[in-house]
Amino acid sequence: MKQPLEPSAEGRGRIVGITDGVFAIALTLIVLEIRVPSHEAVHSESELLAAVMALAPRFLTYALSFLTLTIFWFGQQAQHGLIAKSDRRLATLNLCFLAFIALLPFSTDLLADFLEFRVAVLVYWLNLFLLGATLFASWWYADRNGLLAQNVDADTKRVVYQRIIKAQILWAIGAALCLITPLASIAFILLVQLIYAAALRGSLLSKIIG
């Protein structure tokens, strides 16, 4: 009889399934916070233009979080492609990761409403940090407990570790910039997101997945 903590390919499959569902919900929720201007408050072209322009902070944070979710989804999928089996502890770590994915719409909404406040930027960065920390912990646990696929070599393991750590360092630098001005912090984090999103199509992701 199979023990509850015994690693299995079926357990990995369930993690993959729930991961896609949580990401889909989070992607939907972040866009729902961009609401169409009230018809009663708009009576001319100029008023409509002003109302749309007033939504600029929400479009900015939507783009930021869409990139965040894209990067972490690809990262999680890349790791799933390298993990052959899962047990209850690895599943718990993945659920913690998904809990912070589900929290991202809140931190996005907070940032959009309080774009000029350092606390809002730090809450958003803390969300990113917790995502990276749980993703790192999942990979570390799978690596240390023989849950990776047999063809995963040392170079691939190192690439995954480095990818997570480098991103966390850059996001921490971005968060520190809020001591100067929150907008500089957001701009830097957005730039990092764009660079990582572009890299997903490059050789790094190909090396991880392939």
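Here the residue numbers are simple positions, counted from 1 along each chain's written sequence. Totals for whole chains, interfaces and linings use every residue, but because this is a predicted model, local features are given only for residues with pLDDT of at least 70 and side-chain atom pairs only at 80 or more, for both listing and counting. Side-chain measures here rest on the full set of heavy atoms in the structure, leaving out hydrogens and waters.

Another point: the overall build of the protein chain. Counting its regular elements, the protein chain contains eight helices and zero strands. Only runs of H or I of at least four residues qualify as helices and only runs of E of at least two qualify as strands under DSSP, and these elements are numbered from the N terminus. Ordering the α and β elements of the protein chain from the N terminus gives α-α-α-α-α-α-α-α. The buried share among the 210 residues of the protein chain stands at 40%. Any two residues whose heavy atoms approach within 4.5 Å are treated as being in contact. In the protein chain, 79% of the contacts between residues at least 6 apart in sequence involve partners at least 24 apart. For the protein chain, the exposed area adds up to about 11,200 Å²; of that, 69% sits on carbon and sulfur atoms. Each residue's exposure class comes from its accessible area (1.4 Å probe, protein chains only) as a fraction of the maximum for that residue type: buried when under 20%, exposed when over 50%, partly exposed otherwise. Note on areas: Shrake-Rupley with a 1.4 Å probe; residue coverage comes only from the protein chains shown.

Here K85 is to be found in the loop between α3 (56-82) and α4 (88-113). By relative accessible area, K85 is classed as partly exposed at 34%. Taking the C-alpha atoms as reference points, K85 and L147, 62 residues apart in sequence, are found 5.1 Å from one another.

Nine residue types can take part in a nonpolar core, namely buried Ala, Val, Leu, Ile, Met, Phe, Trp, Tyr and Cys, and a core is a set of them joined through side-chain atoms within 4.5 Å. One finds F72, F97, I101 and L111 to be the most contacted residues of the largest nonpolar core, which totals 43 residues. Counting only elements with at least two residues in this core, the list comes to α1 (9-32), α3, α4, α5 (118-144), α6 (154-176) and α7 (182-199). Examining the composition of this core, we find that nine residues originate from one element, α5, more than from any other. Setting aside anything within four residues of it in sequence, one finds F72 in contact with F23, F97, I101, L128, L131, G132, L135, Q168 and W171.

The end-to-end C-alpha distance of α7, which contains 18 residues, comes to 26 Å, matching closely the 26 Å that a straight helix rising 1.5 Å per residue would cover. Residues P182, S185, I186, I189, L190, V192, Q193, Y196 and A197 constitute the buried set of α7. Projection of α7 onto a plane perpendicular to its axis shows the buried side chains occupying an angular sector of 160 degrees, all on one side. Exposed side of α7, more than 90 degrees from the buried face: L183 and A198 are the residues found there. Packing partners of the buried residues in α7 comprise α3, α4, α5 and α6. In this scheme, a helix's expected span is set at 1.5 Å multiplied by one less than its residue total. Think of it as the arc spanned by the lines of direction from the helix axis to the C-beta atoms.

When pLDDT is averaged along the protein chain, the result is 85; 89% of the residues meet or exceed 70. As a per-residue measure, pLDDT tells how confident the predictor is, with possible values from 0 to 100. By mean pLDDT, the top-scoring element of the protein chain is α5 (94), and the lowest-scoring one is helix α8 (residues 203-209) (45). Ignoring residues within four places in sequence, the model shows residues 203-210, a span with pLDDT below 50, making 16 contacts including any to other chains.

Turning next to the packing of aromatic side chains. Ring pairs are drawn from Phe, Tyr and Trp, using the six-membered ring of Trp, whenever the two centres fall within 6.5 Å, and their geometry is named by plane angle: stacked under 30 degrees, edge-to-face over 60, tilted for the rest. According to the stated counting rule, one finds 10 aromatic pairs in the structure shown. On the basis of an interplanar angle of 35 degrees and a centroid distance of 5.6 Å, the ring pair of F72 and W171 is categorised as tilted. Linking F72 in helix α3 with W171 in helix α6, this pair joins segments that are 99 residues apart in sequence. For the pair F72 and W171, one class covers both residues: buried. Aromatic rings pair up to connect F23, F72, F97, W171 and Y196 into one cluster.

Attention shifts here to the pattern of salt bridges. We count a salt bridge whenever a side-chain nitrogen from Lys or Arg sits within 4 Å of a carboxyl oxygen from Asp or Glu. Counted under the stated rule, the structure contains six salt bridges. Ionic pairing is found between R58 and D109, a salt bridge with its closest N-O pair at 2.7 Å. With R58 in helix α3 and D109 in helix α4, this pair connects stretches of sequence that are 51 residues apart. Looking at D109, the relative accessible area reads 21%, which means it is partly exposed. A salt bridge links R158 to D155, with the shortest nitrogen-to-oxygen separation between them at 2.7 Å. Of this pair, R158 and D155 both sit in helix α6, three residues apart, which is roughly one turn of the helix. The exposure class of R158 is partly exposed, given its relative accessible area of 40%. A cluster of three or more residues bridged by salt bridges with shared partners is formed by R58, D109 and D113.

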